[in-house]
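# Architecture and fold: a report
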Amino acid sequence: MVKERDLWIEASDVIPMFPALVWKIQIEADLHDAMDAKILAALERIRRDLPELGAGQGWQSEQTLHECEELRDLVACINNAAKSVLRFLRTGYDAFEITGCWATVLAKGAMHKVHSHPNNFLSGVYYIRTHPGADSINFHDPRNQTGIIRPPVMELTAENTDQVVVRVKNGTLLVFPAYLQHSVDANTSEQERISISFNIMFSAFTENLSKPLW
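What counts as what
Residues numbered from 1 in each chain as written. Predicted model: local features only at pLDDT ≥ 70, side-chain atom pairs only at ≥ 80, totals over all residues. Heavy atoms only, no water. Helix = DSSP H or I, 4+ residues; strand = E, 2+ residues; numbered from the N terminus. Buried < 20%, exposed > 50% of the residue type's maximum accessible area, 1.4 Å probe, protein only. Contact = heavy atoms within 4.5 Å. Pairing = 2+ DSSP bridges. Axes fitted to C-alpha atoms, helices over the stretch in contact; angles between N-to-C directions. Core = buried A, V, L, I, M, F, W, Y, C linked by side-chain atoms within 4.5 Å. Parallel < 35°, antiparallel > 145°, perpendicular 65-115°, else oblique. Phe/Tyr/Trp six-rings, centres within 6.5 Å; stacked < 30°, edge-to-face > 60°. Lys NZ or Arg CZ within 6 Å of the ring centre and 35° of its normal. Expected span 1.5 Å × (residues − 1). Arc of directions from axis to C-beta. Disulfide = S-S within 2.5 Å.

### Observations concerning the environment of Asp 73
Checked against the element boundaries, Asp 73 lands in helix H2 (residues 72-88). Of the residues examined, Asp 73 reaches a relative accessible area of 29% and is grouped as partly exposed. On a C-alpha basis, the gap between Asp 73 and Arg 90 in space is 26 Å, while along the polypeptide they are 17 residues apart. Not counting the four nearest positions on each side in its chain, Asp 73 is found in contact with Met 35 and Lys 38.

Dropping the structure here:
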């Protein structure tokens, strides 16, 4: 009979499988300062005739900001990031396009509930204005079945948690799978949190990628 103190293991390993990845990029300071100034000017123009946001309120623009001249540099950064992600994933088809791009402004007390971005391959967010108390995003475990049995844990780790909090700052660009659910906690700062979100999908998907794989 093998006892606990006996040497019964020759080798062991923990094999990570099917990871949910988030790519985090910090854009060079001078570049993102210049980009942010142009984007903020565009948003000020778009919101010119709108009332100021009250406590707990949020605002989102139309989803066509990637067509605006003021976002040209940001669109270039997004495209570069998407190309890098597709190379990392070793995809055999690399034609893609931004299918939507919009601004989100959250006043003090405003939050964004758990959601994902259907009908896209990648999603992402670029942060223009963050503040202490408004500088994070939550990602939620996409494996719903892990919530069926939840024994107590002594310490939260990457292997047993159901939520990961990612800290961000001005100039941070995140890219992640569009299926990955995420949320934003209530803004506890006195200032608006401003970000640009986007979705990416393979171009000509029906013609090139939707055929049966069997």
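### Concerning the sheet that holds strand S7 (residues 163-167)
Hydrogen bonding along the main chain pairs the strands of a sheet, whether they run parallel or antiparallel. The four strands lie next to each other as S4-S9-S6-S7, forming an open sheet whose pairing is antiparallel. Sheet topology places strand S4 (112-115) and S7 at the edges, where each strand pairs with a single neighbour. Each neighbouring strand pair of the sheet contributes to a mean axis angle of 20°, computed without reference to strand direction. Relative to strand S9 (residues 182-184), S4 runs antiparallel, the two sharing two bridges. Note on S9: the bridge partner recorded for His 112 is Val 184.

### A word on the nonpolar core
Leu 71, Tyr 126 and Ile 196 are the most contacted members of the largest nonpolar core, which totals 32 residues. Elements supplying a minimum of two residues to this core: helix H1 (29-46), H2, strand S3 (96-106), strand S5 (122-129), strand S8 (172-177) and strand S10 (193-202). Sorting elements by how many residues they give to this core places H2 first, with eight residues. Setting aside anything within four residues of it in sequence, one finds Ile 196 in contact with Ile 39, Leu 65, Leu 71, Leu 74, Cys 101, Trp 102, Ala 103, Gly 124, Val 125, Tyr 126 and Ile 128. Counting residues in hydrophobic clusters, the runner-up holds 12 residues, among them Ala 110, Val 125, Phe 139 and Leu 180.

### Topic: the packing of H1 against H2
The N-to-C vectors of H1 and H2 enclose an angle of 130°; their axes lie 8 Å apart at closest approach. In this view, H1 runs oblique relative to H2, as classed from their interaxial angle. Here Leu 31, Met 35, Lys 38 and Ile 39 of H1 come into contact with H2, specifically with Asp 73, Leu 74 and Cys 77.

### Digging into the packing of aromatic side chains
In total, this model carries four aromatic pairs according to the counting rule given. Centre to centre, the rings of Trp 23 and Phe 88 are 5.8 Å apart; their planes meet at 80°, and the pair counts as edge-to-face. Of the two residues, Trp 23 is situated in strand S1 (residues 23-26) and Phe 88 in helix H2; the sequence distance between them amounts to 65 residues. On the accessibility criterion, Trp 23 (17% relative accessible area) is buried. Residue classification places Phe 88 among the partly exposed residues on the basis of a relative accessible area of 49%. Chaining the aromatic ring pairs together yields one cluster made of Tyr 93, Phe 121 and Phe 202. If you follow Arg 47 out to its NZ or CZ, it ends over the ring of Trp 59, 5.3 Å from the centre.

### Focus on H1
For H1, which comprises 18 residues, the first-to-last C-alpha distance of 25 Å matches the rise-based estimate of 26 Å (1.5 Å per residue) to within 8%. Turning to H1, its buried residues are His 32, Met 35, Asp 36, Ile 39, Ala 42 and Leu 43. Across the axial projection of H1, the buried residues extend over an arc of 130°, all falling on one side. Across H1 from its buried face, at more than 90 degrees, point the exposed residues Asp 30 and Glu 44.

### Section: the state of the cysteines
In total, this model carries zero disulfides according to the counting rule given. This cysteine, Cys 68, is not joined by any disulfide, and Cys 101 carries the nearest cysteine sulfur, 8.3 Å off. Of the cysteine sulfurs around Cys 77, a residue in no disulfide, the closest is that of Cys 101, at 12 Å.

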